[in-house]
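# Observations on the three-dimensional arrangement
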Amino acid sequence: MIDFADLIAPMTIVEFEEKHRGKNFVVFPRNDARTELFDNIIDWQQFSSYLNNDRATAGMQAITLDGRKLCMERGTLERESRPNWCRKDYYEKKYLYDLWMEGASLIMTKASLLTPRISMIAGAIERYYMGAADAHFYCSGHNHGSPTFPFHIDYDDNFLVHAEGDVSWDISNSFENDEGDFTSIDLTMGDLLYIPKGIMHRALPKTKRISISVPVAERKPNEGPLKTQDRTYYDFT
């Protein structure tokens, strides 16, 4: 288990709260501890195995080269008739593979329990916030030019974990989100980026990459801690 203090070290929680939380974005640069932690979240073979088991996938989206967003839950990731014993939320593996080979980016959503490491990271964040965290894996299989979401705003504080490859970020410098008033930064495996809710941003993949968005829903005033996932790793061997 790790704590939030371990995740952002050497920055302290006091410094994070006084200078950054709910105020502005900040990068926690890669160091030995974060690099080791992030490097072992997932590899490309695990990624492939996960996509091949469509019956165990919590959520799946694709962004095509022409900017279309396709979504498993909306039935737009399938072309052929469904097989027997199919779940309600379904994607056609061959269609997903064809999109990937054409250069689409894939998003594995609701995946904070996908591997022990990402569950550990999400758990550290939600304990600090006394909230509930999830994880969405943004995956691009090609070099610069892979499709991604345009500038947008998230409505939860977000921690961006860089597990594979390089990503260029454009992030607004204020909550006014004025056009042209943003900072561009390049991040790589081992870097952690914090973006508070309400700050406009976009990610531009520079290489084959897996970067993981960990949004955290905060409890409202006068509420108790939110109900979270059971993040205990049970060894069934």
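The structure contained in this document is the topic of the report that follows. (Residues numbered from 1 in each chain as written. Predicted model: local features only at pLDDT ≥ 70, side-chain atom pairs only at ≥ 80, totals over all residues. Heavy atoms only, no water.)

Here we take up empty space enclosed by the protein. Per the stated rule, a full pass over the model turns up 1 cavity of 30 Å³ or more. Here the largest cavity defines a volume of roughly 30 Å³. Looking at the largest cavity, the residues that line it are Ile63, Ser105, Leu106, Ile107, Tyr138, Cys139, Pro147, Thr148 and Arg209. If you list the elements that add at least two residues to the lining of the largest cavity, you get β4 (105-109) and β6 (136-140). (1 Å grid on protein atoms, 1.4 Å probe; cavity = no way out; pocket = protein on both sides within 12 Å on 5 of 7 lines; lining within 4 Å. Points joined across faces, edges and corners; volume = space filled by probe spheres on them. Helix = DSSP H or I, 4+ residues; strand = E, 2+ residues; numbered from the N terminus.)

Counting 49 residues, the largest nonpolar core has Phe16, Ile41, Ile121, Phe137, Ile212 and Val214 as the members making the most contacts within it. Ranked by the residues each element gives to this core, the list is headed by helix α6 (residues 116-129), at 7 residues. Setting aside chain neighbours within four positions, we find Phe16 in contact with Phe4, Ile8, Met11, Arg21, Phe28, Tyr128, Tyr129, Phe159 and Tyr194. Grouped together as the second largest cluster of nonpolar side chains are 11 residues, Phe25, Ile171, Ile185 and Ile199 included. (Core = buried A, V, L, I, M, F, W, Y, C linked by side-chain atoms within 4.5 Å. Buried < 20%, exposed > 50% of the residue type's maximum accessible area, 1.4 Å probe, protein only. Contact = heavy atoms within 4.5 Å.)

Because an α-helix completes one turn every 3.6 residues, residues spaced three or four positions apart along the sequence face the same direction. Looking only at helix α5 (residues 93-102), the buried set comprises Tyr95, Leu96, Asp98, Leu99 and Trp100. Residues of α5 that are buried make contact with α4 (44-52), β2 (59-63), β3 (69-71), β4 and β6. Gly103, located one to two residues past α5, shows a positive phi value of around 115°.

Attention now moves to the sheet that holds strand β11 (residues 201-205). Spatial ordering of the open sheet is given by β9-β8-β11, a layout of 3 strands whose pairing is antiparallel. Each edge of the open sheet is held by one strand with a lone partner, namely β9 (182-187) and β11. Adjacent strand axes in the sheet meet at a mean angle of 20°, parallel and antiparallel pairs treated alike. Taken together, the 6 bridges between strand β8 (residues 167-172) and β9 define a ladder with antiparallel strand orientation. Within β9, the residue paired with Asp170 across the bridge is Ser184. (Pairing = 2+ DSSP bridges. Axes fitted to C-alpha atoms, helices over the stretch in contact; angles between N-to-C directions.)

Turning our eyes to something else, we now look at α4. Turning to α4, its buried residues number three or more, namely Phe47, Tyr50 and Leu51. Axial view of α4: buried residues confined to an arc of 95°, hence all on one face. In this fold, the buried residues of α4 make contact with β2, α5, β4 and β6. Its side-chain oxygen 3.1 Å from the backbone nitrogen of Gln45, Asp43 forms the N-cap of α4. (Arc of directions from axis to C-beta. Polar contact = N/O pair within 3.5 Å; in protein donor to acceptor, adjacent residues only side chain to side chain.)

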